[in-house]
Amino acid sequence: MTKLENRCAYCGGKFGLIYHPHWGLRFCRKVCKDDFLAKTAKDHARMRKWFGMAPSSKERSDAHHQRRMTEVKQT
Ligand SMILES: [Zn+2]
């Protein structure tokens, strides 16, 4: 992967002050991110492999949730 560019991974537009990160990609608008996700939703398993080096906050919270569940079970 090359260095991060200041461009939307979906439409190639430049970012303003705000961008929407996802799986190591960045999108200029929420619409871009949503469209991209809709197109790649079925490939998410592959996406996870490609961007496995950059786990999302959702994945982290899932792991945290699982850990809590385990703790509850063990207690
Ligand atoms: Zn965009």
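Residues numbered from 1 in each chain as written. Predicted model: local features only at pLDDT ≥ 70, side-chain atom pairs only at ≥ 80, totals over all residues.

**Student:** Is there a simple way to explain unusual backbone geometry in this structure?
**Tutor:** Note: most peptide bonds trans; most residues except glycine with negative phi. Located in the positive-phi region is Trp23, a residue other than glycine, with phi close to 50 degrees. Tracing the backbone through its elements, the reader meets Trp23 in the loop between strand 1 (20-22) and strand 2 (25-27). The class for Trp23 is buried, based on 20 C-beta atoms found within 10 Å. (Helix = DSSP H or I, 4+ residues; strand = E, 2+ residues; numbered from the N terminus. Buried ≥ 20, exposed ≤ 12 C-beta atoms within 10 Å, placed from the backbone.)

**Student:** Would you take a moment to explain the environment of Gly52 for this structure?
**Tutor:** Structurally, Gly52 can be placed in the loop between helix 2 (44-50) and helix 3 (57-74). Residues Gly52 and Gly24 lie 28 residues apart in sequence; the distance between their C-alpha atoms is 9.2 Å.

**Student:** Honestly, the confidence of the model for the chain in this entry has me stumped. Any pointers?
**Tutor:** Close reading of the predicted structure is inappropriate where its pLDDT is low. Per-residue confidence for the chain gives a mean pLDDT of 75; residues scoring 70 or more make up 56%. Looking over the chain, one finds the lowest element-wise mean pLDDT in helix 3, namely 61, and the highest in strand 2, namely 92. (pLDDT = per-residue confidence, 0-100.)

**Student:** Can you walk me through the nonpolar core in this structure?
**Tutor:** Inside soluble globular proteins, nonpolar side chains tend to come together where they are buried. Cys8, Ala9, Tyr10, Trp23, Leu25, Phe27, Cys28 and Cys32 together form the largest nonpolar core, which totals eight residues. Each residue touching Cys8, except ones within four places of it in the same chain, is listed here: Gly13, Phe15, Arg26, Phe27, Cys28 and Cys32. (Core = buried A, V, L, I, M, F, W, Y, C linked by C-beta atoms within 7 Å. Contact = placed C-beta atoms within 7 Å.)

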